[in-house]
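For reference, the chains in residue letters:
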Amino acid sequence: MYDTLMLERGRQEAACQTRNSSDKISQVRERLKTARDRQKSYADKYRTDIEFQVRDHVMLKIPYFLENGPHVPTQTVHPIPAAGGQPAIPERELVKPVTDWNDEDRRLVNIDTKARSLIAMSLPDDVFHSVCHLRSAKEIWDTL
């Protein structure tokens, strides 16, 4: 009988804690929604549309990766001197396997992916279909 009472009390406490957690989660969600709404209303209030006419000249800042192409992680292979009748192999750069990429390599490769997506999303469908087969943001930019 004592065990049954303790078990029932434990269930009641667990149910109470679950209700409290649910209430706190709801409260956090409401506060996040309020903050999002406040930020959105501020952005909407101060947002101004920019309109251009045909033949307007617009200065665009072209990022480094659009001018020079995507980042390709490479590693240096040291030269091998000639030995035993074999010719010498000069120092050279090889593309790193993905498994050897460090955080900086991943970040720089992702920049090109994001730029490619951004350009693709801003194009009308008929133009997009003419450049969707291109592999880098630079290729798309140069084609446009």
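The sections below set out a description of the structure shown in this document.

Basis of the calculations
Residues numbered from 1 in each chain as written. Predicted model: local features only at pLDDT ≥ 70, side-chain atom pairs only at ≥ 80, totals over all residues. Heavy atoms only, no water. Helix = DSSP H or I, 4+ residues; strand = E, 2+ residues; numbered from the N terminus. Buried < 20%, exposed > 50% of the residue type's maximum accessible area, 1.4 Å probe, protein only. Polar contact = N/O pair within 3.5 Å; in protein donor to acceptor, adjacent residues only side chain to side chain. Core = buried A, V, L, I, M, F, W, Y, C linked by side-chain atoms within 4.5 Å. Contact = heavy atoms within 4.5 Å. Expected span 1.5 Å × (residues − 1). Arc of directions from axis to C-beta.

A closer look at the side chain of Lys-96
Consideration 1: Relative to the elements of secondary structure, Lys-96 occurs in the loop between strand S2 (92–95) and helix H3 (103–122).
Consideration 2: Owing to a relative accessible area of 16%, Lys-96 belongs among the buried residues under this scheme.
Consideration 3: Here Asp-105 takes part through its side chain, which lies 2.9 Å from a polar atom of the side chain of Lys-96.

Observations concerning the nonpolar core
Consideration 1: One finds Ala-115, Ile-119, Leu-123, Val-131, Leu-134, Ala-137 and Ile-140 forming the largest nonpolar core, which totals 7 residues.
Consideration 2: Every element with two or more residues in this core is listed here: H3 and helix H5 (137–143).
Consideration 3: If we skip the residues at most four places from it in the chain, Val-131 touches Leu-123, Ile-140, Thr-143 and Leu-144.

Examining H3
Consideration 1: The end-to-end C-alpha separation of H3 is 29 Å, in line with the 28 Å expected for 20 residues at 1.5 Å each.
Consideration 2: Along H3, the positions that sit buried rather than exposed are Asp-105, Val-109, Asp-112, Ala-115, Ile-119 and Ala-120. For H3, the angular spread of the buried residues around the axis is 135°, confining them to a single face. Turned more than 90 degrees from where H3 packs its buried face, Asp-103, Lys-114, Leu-118, Met-121 and Ser-122 sit exposed.
Consideration 3: You can read the cap of H3 off the contacts: a side-chain oxygen lies 3.1 Å from the backbone nitrogen of Glu-104, and it is on Asn-102.

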